[in-house]
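# Residue-level structural notes
Take a look at the letters that make up each chain.
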Amino acid sequence: MEQFSLDIASEFPSLSDVLYQELTSTVRGDAYRRGDPSFLDYSKMFNGDIKVSAMAIVCPLDAQDVSQIILFCRKHSISASVKAGGYGTAGWAVGGDIIIDLCKITDIDIEPPTPDGSFTSIRNMPSIGSKGKVRAGPPLLDRFATVATSKRRREDDDELRSYELASTTVANFLYPGGSSAPFADRPPITRRRLEFPAPALETPQTPTYPATSGSSHDPNTTLSSNALGSSKPLHFNLPSINNATTAPLPDTNSKPPPCSSSSDDDPFSYLDTPNNPVPPVASTSRLAQSIPNALFATPSFLESPTNILTYAMPIYSHAFMTFGAGKRQKEIDQFSAANPLEATSLAGGRGAVPYHVPFAAHPVGSAIMILGGFGFLGRLHGLSSDNLVEAEVVLADGQIVLVSHNEHPDLWWALRGAGPAFGIVTRYKARAYPVPVVFAGNLIYRFHCATAPSLIKHFRDCVKGAPRELYANVLLTAGPAGQDSLVVIQMCYVGPKVKGQEFLQAISSWDGGRCLLNEVDEKSFLHQQDSVAQVLRGKAGNKWFIRSALISSLPDDIVNKTVLQFADTPVGCTWLFELAGGALGDFEDNCIPKAQRQASFTVAALHQWDIEFQDPRCVHSAEEWIAETLAPVTLGGPLPSFLGRQEPPGRVIACYGENWARLCEVKKKYDPDNFFRNSFWPLNAQGEIIEPEEHEPQHIQF
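Here the residue numbers are simple positions, counted from 1 along each chain's written sequence. pLDDT decides what is reported in this predicted model: residues at 70 or higher carry local features, side-chain atom pairs at 80 or more are listed and counted, and totals for whole chains, interfaces and linings draw on all residues regardless. Computation of side-chain values covers all heavy atoms of the structure but excludes hydrogens and water.

### Comments concerning the overall build of the protein
To qualify as a helix, a DSSP run of H or I must reach at least 4 residues; to qualify as a strand, a run of E must reach at least 2; elements of each kind are numbered from the N terminus. Counting secondary structure elements, the protein contains 18 helices and 25 strands. Buried, partly exposed and exposed residues are distinguished by accessible area as a fraction of the type maximum, computed with a 1.4 Å probe on protein chains only: under 20%, between the cut-offs, and over 50%, respectively. Counting all 702 residues of the protein, 61% fall into the buried class. Throughout, a contact is declared for two residues whenever any of their heavy atoms are within 4.5 Å. Relative to all contacts within the protein whose residues are 6 or more apart in sequence, the contacts with residues 24 or more apart total 78%. Areas reported as accessible are Shrake-Rupley estimates using a 1.4 Å probe. Residue values count occlusion only from the protein chains shown. Surface summary for the protein: the accessible area is close to 26200 Å², and the carbon and sulfur share equals 53%.

### So, the packing of aromatic side chains
Only Phe, Tyr and Trp rings take part, Trp by its six-membered ring, and two of them pair if their centres are within 6.5 Å. Stacked means planes under 30 degrees apart, edge-to-face means over 60, and tilted covers everything else. Here the structure, examined in full by the defined rule, presents 21 aromatic pairs. Geometrically, the ring pair formed by Tyr493 and Phe503 is stacked, given 5.5 Å between the ring centres and 25 degrees between the ring planes. You can see Tyr493 sitting in strand β20 (residues 486–493) and its partner Phe503 sitting in helix α11 (residues 497–507), a full 10 residues away along the chain. Residue Tyr493 is classed as buried on the basis of its relative accessible area of 1%. Each ring, one from Phe577 and one from Trp625, has its centre 5.6 Å from the other, and the planes form 85 degrees; the classification is edge-to-face. Of this pair, Phe577 sits in strand β24 (residues 573–579) while Trp625 sits in helix α16 (residues 617–629), and the two are 48 residues apart along the sequence. On the basis of relative accessible area, Phe577 is assigned to the buried category, the value being 2%. With a relative accessible area of 0%, Trp625 lands in the buried category. By way of ring pairs, the aromatic residues Phe422, Tyr656, Trp660, Phe680 and Trp681 are connected into one cluster. As a reminder, the over-ring test applies to NZ of lysine and CZ of arginine, requiring each to be within 6 Å of the ring centre and within 35 degrees of the ring normal. A cation sits over an aromatic face here: Arg33 above Tyr20, 4.5 Å from the ring centre.

### Describing the pattern of salt bridges
Pairing between side chains of opposite charge can happen when their charged atoms approach one another. For salt bridges, the criterion is a side-chain nitrogen of Lys or Arg within 4 Å of an Asp or Glu carboxyl oxygen. Applying the stated criterion across every chain, the model contains 25 salt bridges. Between Arg645 and Asp49 there is a salt bridge; the shortest N-O distance is 2.7 Å. Taken together, the residues Arg645 in the loop between α16 and α17 (649–654) and Asp49 in the loop between α2 (37–43) and β4 (56–59) connect sequence positions 596 residues apart. The salt bridge partner of Lys667 is Asp671, with a shortest N-O separation of 2.8 Å. Among the residues examined, Asp671 registers a relative accessible area of 2% and is labelled buried. Salt bridges here are not isolated pairs; linked through shared partners, they connect Arg547, Glu623, Glu647 and Arg651.

### So, helix α14 (residues 556–566)
For α14, the full list of buried residues reads Ile558, Val559, Thr562, Val563 and Phe566. Considered in projection along α14, the buried side chains sweep an arc of 130 degrees and stay on one side of the axis. Packing partners of the buried residues in α14 comprise α10 (452–463), β19 (470–477), β24 and α16. Picture the helix axis, draw a direction to every C-beta atom, and the arc is the one those directions span.

### Details of the sheet that holds β4
Here four strands make up an open sheet; going across it, the order is β3-β4-β6-β5 and the pairing mixed. Only two strands of the sheet have a single neighbouring strand rather than two, namely β3 (30–33) and β5 (80–83). On average, each strand axis in the sheet is tilted by 20 degrees relative to the strand beside it, whichever way the strands run. Against the sheet, helix α1 (residues 17–26) engages β3 and β4, with an angle of about 165 degrees to β3. At least two bridges found by DSSP between two strands are what make those strands a pair. Here an angle of 0 to 180 degrees is reported between the N-to-C directions of two axes, which are lines fitted to C-alpha atoms, with helices fitted over the stretch in contact.

### Quick word on the state of the cysteines
Only a pair of cysteine sulfur atoms within 2.5 Å counts as a disulfide in this structure description. On inspection of all chains with the given rule, the structure shows zero disulfides. A disulfide-free cysteine, Cys655 has its sulfur positioned 9.7 Å from the sulfur of Cys591, the nearest such atom. The class of Cys655 is buried, set by a relative accessible area of 0%.

### Here's the deal with unusual backbone geometry
Positive phi values are uncommon outside glycine, yet Gln646 reaches one of about 55 degrees. Looking at where Gln646 falls in the secondary structure, it is placed in the loop between α16 and α17. For Gln646, a relative accessible area of 32% gives the class partly exposed. Of note in this structure, Asn674 is not a glycine but carries a positive phi near 55 degrees. Position of Asn674 relative to the elements: it lies in the segment after α18 (660–670).

This is the structure in structure tokens:
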């Protein structure tokens with residue numbers, strides 16, 4: 001039987017008419033062959049440096065469709081790959097002969113826990129359009145629930161990749177000309193390091209920002225539980241970090257001043273924040289609609305007198321979010337913000353609080369739930385995979401199973417951390433936590449070889465012993481076009497300003513140079529999730545290269561070497577240190593080993609550059625920093641969610657450390673012939689180590 005026909009416009013073949021007809025007759029979702037204009041739209045990855053050789057792409061509507069696609073591929077000895085967002089830089093998602101794009105499995109729902117703390121199983125929550133038992137809660141759908149055309153998909157992708165709402169102040173700082181296109185001018189061969197004279201030392205004054213209008217926080221408030229399902233009280237009276245002074249109560253009559261001075265003495269001048277109204281995100285929550293003037297996901301919400309989030313006490317310690325694998329994480333956060341759960345208002349009466357799943361920062365796809373996933377809530381609640389409670393999975397033989405602590409426990413152990421090598425998850429159920437408000441933002445400094453080591457060491461010392469509510473990172477990144485690079489400290493205290501202010505005071509007390517911008521303030525968690533991408537200025541279609549590691553400590557010599565190495569990197573390189581610890585060490589019932597969970601920091605080199613730009617240092621500088629400079633303090637491999645292109649097999653195996661042998665046994669049981677070979681898995685069906693190019697798509701060469 002003919003399996004493919006040559007597409008004249010491409011060097012790769014397309015699926016034959018006979019096979020295409022057979023495929024489309026077995027699935028309800030759409031299928032597009034190479035040569036169809038929609039094929040290009042659905043096969044695009046965030047990393048533009050990937051050569052797609054697939055013959056067709058299929059967009060299943062549910063697990064049954066996925067099962068049929070697997071059976072079709074097995075029947076005709078065709079390989080398959082799985083796309084759930086398209087953000088993986090290695091390109092495994094589009095490496096198969098058939099791409100299974102999960103973008104149309106977009107169910108989403110949120111439910112409070114039952115009185116005994118349990119949840120409604122996915123098996124009792126039929127997917128959109130199917131017939132069966134009623135859903136667990138109100139029919140809460142959002143405007144992303146159906147993606148009818150590839151044009152609509154492009155429009156949604158463009159909207160999801162807009163990060164200006166994280167902070168208009170930061171946006172205007174990074175784009176002084178008003179352009180939102182990162183690296184709009186083509187990067188030079190060598191970054192122009194504008195080594196201005198070292199600034200005169202001055203002690204920066206920590207700004208005091210106003211609390212949200214009308215708010216009245218008790219810093220020692222205990223959020224009490226009740227019989228509606230909360231498993232434990234929620235406390236805000238938390239220990240502070242060592243040597244941090246208690247912050248004074250905020251001045252409620254002033255506005256937060258930026259740290260930067262006038263453009264006459266600073267090359268980093270930026271425009272004033274435009275006074276453009278931002279349209280609210282529509283809420284489909286009946287609760288939200290019942291509260292007058294509730295704007296649950298707008299940047300102006302926290303500044304408005306109708307802001308009830310900072311007054312509200314959550315009724316539940318957690319909730320349960322069910323979502324299809326086609327949901328990007330930002331869409332889920334938008335849904336969370338627009339569909340809060342009932343709370344008790346501190347002012348009396350009804351309140352509402354959004355509940356968020358502990359995702360990594362935007363942008364990521366749903367597979368983050370089965371690859372680790374560390375973000376702003378990670379130190380408080382654990383990795384994304386730690387908060388998965390149930391999953392609907394299609395196995396390598398086409399069987400559809402529900403996997404949880406009680407069902408297929410061996411697969412459950414492997415799925416949470418190595419999931420893509422074991423099956424295709426079509427629906428997830430995960431814990432979500434109340435996040436009424438965060439005190440978060442950026443402190444931005446000029447990168448200078450003489451002062452950057454002192455700043456990084458100061459950051460390291462300030463966050464030592466920090467409470468779990470505090471997330472913090474420091475990153476080295478490119479500055480505005482034509483300007484020097486930056487050191488950016490990001491903090492996110494999960495709680496109100498009155499508790500987070502002391503950590504800001506400690507971090508901002510560094511007196512080795514002037515802070516160019518400090519916009520830390522109370523924010524909605526939804527917009528804080530955009531903050532890393534906003535600083536990175538990540539651009540879809542650029543070449544991307546990522547390397548990561550987990551480190552046990554951050555000694556002075558490592559800091560000094562890091563600064564010197566970063567000074568010679570090309571444009572588009574960002575190096576990141578994230579404070580780890582906290583709740584990461586609380587979980588040991590999945591395949592991510594204890595040794596990795598005890599890391600002090602997770603670090604990453606996040607490199608992007610123009611698709612036609614060639615500079616080997618974009619890759620080599622990341623490899624040298626991670627594999628050589630950080631080697632003395634590295635703990636095994638990175639979190640699996642940070643695995644990228646051309647990963648040496650040894651680094652992949654090191655991600656799982658002492659758990660690797662058990663993981664291989666589970667793999668033999670559930671995928672003995674390595675059907676899910678288009679993934680990070682570094683072994684073939686015989687259990688032999690293979691090189692990255694044997695299970696990774698080709699990369700574009702110019």
